[in-house]
Amino acid sequence: MTSLKILFDRDTWQEIFGSIRKNKIRTIITVIGVLWGIFIYITLSGSAKGLDNGFERAFRNIAKNSMGFWAQRTSVPYAGFKIGRYPELRLADAQLLKDRIGGIEFIAPRNSRGVFGGTPPLVVNNNKSGNYPLYGDYPSYAKITTKKIYDGGRFINDQDVKYQRKVCVIGERAEKELFEKGENPVGQYIKINDIYFQVIGVHKYIQGGGFESEGDIFIPFSTYNKMYNRGDRVDFFFLAAYDEQDPVAIEEEVLFNLKRIHKVSPKDERAFGSFNIGEIFQRIIGFARGMTFLSLVVGVATIIAGVIGIGNILLISVKERTKELGVRRALGATPSEIRSQILLESVFLTIVAGICGIILAAFVLAGINAATVNLEDFPYTNPTVPLSYIFGALFIMVSLGTLIGLIPAQRAVSIKPIDALREE
Amino acid sequence: MISIKNLHKSYQMGSSSLHVLKGIDFEVEEGELVAIMGSSGSGKSTLLNILGMLDTADEGDYILDGVEIKDLDETKAAKYRNKFLGFVFQSFNLINYKNAAENVSLPLYYQGVSRKERQQVALEYLDRVGLKEWATHLPSELSGGQKQRVAIARAMASQPKVLLADEPTGALDTKTSYEVMDLIQQINDEGNTILVVTHEPDIAQMCKRIVMLKDGVIVEDKKVKQVKAAAHV
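Residues numbered from 1 in each chain as written. Chains lettered and ligands numbered in written order. Predicted model: local features only at pLDDT ≥ 70, side-chain atom pairs only at ≥ 80, totals over all residues. Heavy atoms only, no water.

Caption draft 1: Structural detail: the overall build of chain B. In terms of regular secondary structure, chain B is built from 7 helices and 10 strands. Within the span of chain B, comprising 233 residues, buried residues form 55% of the whole. Here chain B has roughly 10,100 Å² of accessible surface; of this, 47% comes from carbon and sulfur atoms. (Helix = DSSP H or I, 4+ residues; strand = E, 2+ residues; numbered from the N terminus. Buried < 20%, exposed > 50% of the residue type's maximum accessible area, 1.4 Å probe, protein only. Areas by Shrake-Rupley, 256 points an atom, 1.4 Å probe, with all protein chains shown as cover.)

Caption draft 2: Here's a closer look at the overall build of chain A. Counting its regular elements, chain A contains 14 helices and 14 strands. Considering only intrachain contacts with a sequence separation of at least 6, the fraction spanning at least 24 residues in chain A is 79%. For chain A, the computed accessible surface area is about 20,600 Å², with 59% contributed by carbon and sulfur atoms. (Contact = heavy atoms within 4.5 Å.)

Caption draft 3: Geometry of the sheet that holds strand β9 (residues 209-214) of chain B. All names here are of chain B. Strand order across the open sheet formed by 6 strands is β6-β7-β8-β3-β9-β10, with mixed pairing between neighbours. Looking at strand neighbours, the two that pair on one side only are β6 (85-88) and β10 (217-223), the edges of this open sheet. On average, each strand axis in the sheet is inclined to that of its neighbour by 20°, with strand direction left out of account. (Pairing = 2+ DSSP bridges. Axes fitted to C-alpha atoms, helices over the stretch in contact; angles between N-to-C directions.)

Caption draft 4: Spatial organisation of the nonpolar core. Residues and elements named next belong to chain B. Core analysis: the biggest nonpolar cluster contains 49 residues, and Ile2, Ile4, Phe26, Leu47, Leu51, Leu64 and Leu195 have the highest contact counts within it. At 5 residues, strand β2 (residues 16-28) tops the list of elements feeding residues into this core. Here leucine 64 is in contact with Met1, Ile2, Met53, Ile69, Phe84, Leu85 and Val162, once residues within four sequence places are set aside. Among the nonpolar cores identified, the runner-up in size contains 44 residues, and Leu94, Ala135, Ala155 and Val196 belong to it. (Core = buried A, V, L, I, M, F, W, Y, C linked by side-chain atoms within 4.5 Å.)

Caption draft 5: A look at the interface of chain A and chain B. The interface of chain A with chain B comprises 28 residues on the first partner and 25 residues on the second. Between chain A and chain B the total buried area reaches about 2,400 Å² when both faces are included, carbon and sulfur atoms providing 57% of it. Between the two partners, chain A and chain B, sit 1 salt bridge. Between arginine 329 of chain A and glutamate 74 of chain B there is a salt bridge, with the nearest N and O atoms lying 2.9 Å from each other. At the junction of chain A with chain B, the criterion picks out 8 residue pairs in polar contact (both at pLDDT 80 or more). Its residues placed into classes, the side of chain A that touches chain B shows 8 nonpolar, 7 polar and 13 charged. (Buried area = accessible area lost by both parts, 1.4 Å probe. Salt bridge = Lys/Arg side-chain N within 4 Å of Asp/Glu carboxyl O. Polar contact = N/O pair within 3.5 Å; in protein donor to acceptor, adjacent residues only side chain to side chain. Nonpolar A, V, L, I, M, F, W, Y, C, P; charged D, E, K, R; others polar.)

Caption draft 6: Quick look at the pattern of salt bridges. Residue and element names in this part refer to chain A. Summed over all chains, the structure comprises 25 salt bridges over all chains. Of the charged contacts, one joins arginine 233 and glutamate 88 as a salt bridge, the two residues approaching to 3.2 Å between their closest N and O atoms. Taken as a pair, arginine 233 in strand β12 (residues 233-234) and glutamate 88 in the loop between β1 (66-71) and β2 (89-90) lie far apart in primary sequence, 145 residues in all. Under the relative-accessibility criterion, glutamate 88 is labelled partly exposed at 34%. The closest approach of N and O atoms between arginine 321 and glutamate 324, which form a salt bridge, is 3.2 Å. Look at glutamate 324 and you get buried, because its relative accessible area is 9%. Here the salt bridges share partners, and the residues they tie into one network are Glu88, Arg90, Asp232 and Arg233.

Caption draft 7: Fine view of the environment of threonine 145 of chain A. With respect to the element layout, threonine 145 of chain A can be found in the loop between α5 (141-144) and β7 (148-149). Each C-alpha atom, one on threonine 145 of chain A and one on arginine 60 of chain A, is 8.8 Å from the other, the two residues being 85 residues apart in sequence.

Caption draft 8: Region of interest: the pairing of strand β3 (residues 33-37) of chain B. Residues and elements named next belong to chain B. With 5 of 5 residues buried, β3 lies mostly within the body of the structure. Residues Leu33, Ala35 and Met37 line one face of β3 and the alternating positions Val34 and Ile36 line the opposite face, and both faces are buried. Pairing geometry for β3 and strand β8 (residues 193-197), over 4 bridges, is parallel. Pairing of alanine 35 across the sheet is with valine 196, part of β8. Pairing between β3 and β9: 4 bridges, direction parallel.

Caption draft 9: Summary view of the sheet that holds strand β5 (residues 67-68) of chain B. Residue and element names in this part refer to chain B. One open sheet accounts for 4 strands, arranged β2-β1-β4-β5; its pairing is antiparallel. Where the open sheet ends on each side, the last strands, each with one partner, are β2 and β5. Packing against the sheet, helix α1 (residues 44-51) makes contact with β1 (2-13), β2 and β4 (59-64), and its axis sits at approximately 120° to β1.

Caption draft 10: Molecular detail of the packing of aromatic side chains. Applying the stated criterion to the full structure yields 19 aromatic pairs over all chains. Between tyrosine 224 of chain A and tyrosine 228 of chain A, the ring centres sit 4.9 Å apart and the planes meet at 50°, which makes this aromatic pair tilted. Residues phenylalanine 87 of chain B and phenylalanine 89 of chain B carry aromatic rings whose centres are separated by 5.8 Å and whose planes lie at 5° to one another, so their mutual orientation is stacked. As far as burial versus exposure is concerned, phenylalanine 87 of chain B and phenylalanine 89 of chain B are alike and both buried. Aromatic rings pair up to connect Trp70, Tyr135, Tyr141, Phe155, Phe218, Phe236, Phe238 and Phe275 of chain A into one cluster. One Lys or Arg, arginine 85 of chain A, reaches over the ring of phenylalanine 81 of chain A and ends 4.1 Å from the middle of that ring. Just above the ring of tyrosine 141 of chain A sits the side chain of arginine 110 of chain A; from NZ or CZ to the centre is 3.7 Å. (Phe/Tyr/Trp six-rings, centres within 6.5 Å; stacked < 30°, edge-to-face > 60°. Lys NZ or Arg CZ within 6 Å of the ring centre and 35° of its normal.)

Next up, the structure:
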C-alpha cells in the first residue's frame, strides 16, 4: 500500500478514530496542549500587531519623520565669537536648509507666544476675553501635522502670508469661550492685542499633534512678525523629511547646516535645540517589532512544547496498546502499516488541535479588539495575524507532529509481536 | 502441510544460554488436528511461535504449504502470517474497542479486502460460530466462551492454511472448553489443519494426534482415537 492510498482510505481513518475514541480523556488533554500552544502563538502575534497598529494610529496626525529646531546659547567659542551668544534663526534659513538638504519635504518656520515663553496675548470678542497661545505660521505647517478645520473654515494660505492679512484660525476652546453657543465664528472679527483679526476657521484639537492645545490661535507668519516687530526672525523650524529618509541623518544635517549658517562651532552641542519625532517613532516601531519577534519565539516554543506533549502521550498510548499492536501484527499488519497508523494519529491530533486553537485565538482577538476599539489612549488597533504566520504555524505543527510521532511509531514496531502478545 | 527438520532454538539469559528446542523433526499433513502437549518449559509455546512466524528458529528448516520459511523480515513475516496462519490465543486478544464483527474482519483489512466484502465475510464467520446476533457487541459484553468463538471466527476469516491455537481453553471452564473444542473439531472436519497447544489431557484427547514435548525434544508422537467434544456438551 502506498502512503497516499493509506491517507485517503476510509478504513485508515476508521482505525484512527477508533483508537482516538477509545482514549477520549487522553486525546482531549493532548489536544489541549497543542491548542494552547497555537492559541498563545496567534493571540500574542495578533496582539503585537495590534500594538503596532495602535502606535501607528497614535502618530497618525503628525508626519512620522518630522522634527523641530530652535536656537539656544552657544557653549563653544568659535570664529571670534565668545560663548554664550544667542544665534538667531532667520526666515532665509528655511530656504537654505531646503536647498541644501534634499531629504526635506516640507519646512515650516514658526513663531509663537505663550507657549515656550512670553505672555499669551489677550484676545477679545465683544465682552468676552481670554489669553490664548498665539502662533505665526506658514501654510506648510498644516502639511506636517494634520489640522482638522471645521466645516466652513480653512487654514492659513499663501495669500494670507503674502499680504500679511489679519486673519486667524482659533481653537475649539477659544471658540467656546469667546463666542455664544451656536454662533458661527467664521467671518467674525476678534481683537488680538488690540488688533482686529477675521476668524477664518476653527481647528479641532487632536492628540499627538505636537505641543499644541485646544486653545491655540494661528495667524499668518508675516502678520505675526509685523505685529511683534520680529523682522525676519524665526523661533522655530518645524520640518518633515520624505518617508524613506532616515530621520536621524536629516536631523544631523540640519544641525550641521544651521551651525554653518550661524557661525557656530560644529562641536557645539548646545547652540541649537531639536526634537525628532521620527527617531521616537522609529524606537517605538522597533519596540513593536521586538514584541512581534518575542511573540513569535514564545508562540513557536509553546507549540513545540504542545507537540512534544502529543509525542509523550502517544508514547504512553503505544505502551498501553502494546498488546493490541501485537495482535494486529499477528493478524498480518506490517510494521509500516502500524507505523503509519501511529504517525497519522499524531498528525491528525496536531492538526485538529491547531485549527481549534486558531479559531479560539481569532475569537479572543476579536473580543479584545471589540473591547478596545473605543479607547483612544490605548495603543491597540485592529489586531491581525498574517496568513503566512498561520500557515507557517500549521506547517511547523504538521512537521513536528510527524517528527514526534515517529518516536512512538518506531517504538510500536520495535517491539516484536511475540513480546507484545506476552505482555499482560 | 507443515514440515520442520532439526529445529533448534535457544534463548540468551544473561551470560547463560537456554536451549529450548533441541532438534525437532515434525510433519503435519493437511486436515490433521494435532495436540502439542508438554509441561511448562518443555518448549511447546516456542515451537508454536516459530510455526506462527512470531519467532525465528536458530537452526533448521521450516516448510509451510510448500513455501520455505526463512530469512523473514517483519514485513514478510506479516504477509505470511496473514496469508497462511490463523491465531487463537489463551487470552482471546480481541481488540476491546472494536465490536465482534470488526474484530473478525481485521485480518481481511490487512489483506486489503474491501469494506463491504469484509463485513459480509465477518458476519458469515460469526454465523458459523453461532454469534451472528452478537456482531455489534463489544468484547466486554461477551462471555469468555463467546470471546474465544469470536477469536476463532477471526482466525478463520482469512481462510488460513493452518490454525494455531495456543491454550485456547486455558482461560475457560470445562463446559465452555468443550464447546470451544467442539467448534475446533467442526472446523477440522471441514478439512482445515489445526495445531492446538494444551496441557490438559482431556483437550488433547479431542484431537486426532498428540505430540508430547519434553525438555525441547519430541518424546512421543501418536495418533489417538478422537473423543468428540459434542458428546460432553
